[in-house]
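Per-entry structural report
Each chain, letter by letter, is given below.
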Amino acid sequence: MRLQRFLALSGVASRRASEALITSGRVSVNGRIVTRLGTNVDPQRDTVEVDGKSVQEERKLYVLLNKPAGYLTAVADARGRSTVSDLVAGLPARLYPVGRLDMDTEGVLLLTNDGDFSFRLAHPRFGVEKVYHATVAGKPGAADIEALKRGVDIGGVVTSPAKVRMFKAGSRHSTIEITIHEGRKRQVKRMCKAIGHPVIRLRRIEYGGIRLGNLKPGQHRLLTHAEIESLRRKTELNV
Ligand code: URA
């Protein structure tokens, strides 16, 4: 793999800053300073050092966060808003969110430094299911639920068939459970708007079978080995 990618994956610096480290002569491979970008290294065999300090490949971490409302799904924000990275700052790795939840959406958010795994999980081709509890205005009728199941036009595109059920009906607001495997921008909100019942509160309760359990909003935990393997199988079966 390319040296700058290895440095970035190892958590030394961002890709851009890693390139600057290389061109300024601070990086050596097997004892020799390398200033050329694009030099290839084998993380298993080569010894890479920055300022004379050895760089190890970063351990892969897989994290489940119960995202509270009010946090941006991003690693950093130029406008200084709070991001989900702030909530996992204590972990020894640069973690990236798998997909995206809106600022006001709560619930299951996976984060990892395993880029390939993250790509597969978030890509609609692999069909990993996400389950949402959408609290909406009013009480959608049976025909509305059927429309959501079949697919609705959310502005130029019709959503794929989804699993939908009434979770809690009320006259002023109701909660519907929606299971989708696509990940279009603001999809659930647009689906509910399309049936005339705008979302008041949105929570993702499950991602590929991973549920919140008793994690409180703002808390995170590492996924277990069994959970990681189960997610891995889900992204392989449907290729
Ligand atoms: N659908 C939405 O509308 N918002 C989210 O955050 C996730 C899915």
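For the chain, an unreviewed UniProt entry supplies the name Pseudouridine synthase and the organism Abyssobacteria bacterium. Its UniProt record, at the heading Sequence similarities (unreviewed entry), says of the chain: "Belongs to the pseudouridine synthase RsuA family."

1. Concerning unusual backbone geometry
Here Asp-51, not a glycine, exhibits a phi torsion of approximately 50°, which is positive. In the Ramachandran plot, Arg-186 falls in the positive-phi region, its phi being about 50° despite a non-glycine side chain. For Arg-186, the location among the structural elements is in the loop between β10 (173–180) and α6 (187–194).

2. Describing the site of the ligand
Taken together, Leu-101, Asp-102, Thr-105, Tyr-132, Arg-186, Gln-187, Val-188, Lys-189 and Leu-202 form the complete shell of residues around the ligand. One of the side-chain nitrogen or oxygen atoms of Thr-105 is found 2.8 Å away from an oxygen atom of the ligand. In the environment of the ligand, an oxygen atom lies 3.2 Å from a nitrogen or oxygen atom belonging to the backbone of Arg-186. About the coverage of the ligand: the protein hides 96% of its 240 Å² of free accessible area. One can see that the ligand is located within the largest pocket. For the shell around the ligand, the element with the highest residue contribution is α6, accounting for three residues. For the shell around the ligand, the per-class residue count stands at four nonpolar, two polar and three charged.

3. Quick notes on a positive patch on the surface
Together, Arg-100, Lys-185, Arg-186 and Lys-193 make up a region of like positive charge exposed at the surface. In this structure Arg-186 comes out as partly exposed when scored by relative accessible area, which is 42%.

4. With respect to the packing of aromatic side chains
Scanning all chains against the criterion turns up one aromatic pair. Ring centres 4.9 Å apart and planes at 80° place the aromatic pair Tyr-62 and Phe-117 in the edge-to-face group. Here the residue Tyr-62 occupies a position in strand β5 (residues 62–67), and Phe-117 occupies one in helix α4 (residues 115–122), the gap between them amounting to 55 residues. For the pair Tyr-62 and Phe-117, a shared accessibility class is recorded, and that class is buried.

What counts and what doesn't
Residues numbered from 1 in each chain as written. Predicted model: local features only at pLDDT ≥ 70, side-chain atom pairs only at ≥ 80, totals over all residues. Heavy atoms only, no water. UniProt positions renumbered as here; feature names shortened; annotations may be inferred. Helix = DSSP H or I, 4+ residues; strand = E, 2+ residues; numbered from the N terminus. Near = heavy atom within 4 Å. Polar contact = N/O pair within 3.5 Å; in protein donor to acceptor, adjacent residues only side chain to side chain. Areas by Shrake-Rupley, 256 points an atom, 1.4 Å probe, with all protein chains shown as cover. 1 Å grid on protein atoms, 1.4 Å probe; cavity = no way out; pocket = protein on both sides within 12 Å on 5 of 7 lines; lining within 4 Å. Sits in = over half its atoms within 2 Å of the grid points. Nonpolar A, V, L, I, M, F, W, Y, C, P; charged D, E, K, R; others polar. Patch = residues over 30% accessible without salt bridge, like charges linked within 9 Å, V, L, I, M, F, W, Y side chains within 5 Å. Salt bridge = Lys/Arg side-chain N within 4 Å of Asp/Glu carboxyl O. Lys, Arg positive; Asp, Glu negative; His and termini not counted. Charge placed at Lys NZ, Arg CZ, Asp CG, Glu CD. Buried < 20%, exposed > 50% of the residue type's maximum accessible area, 1.4 Å probe, protein only. Phe/Tyr/Trp six-rings, centres within 6.5 Å; stacked < 30°, edge-to-face > 60°.

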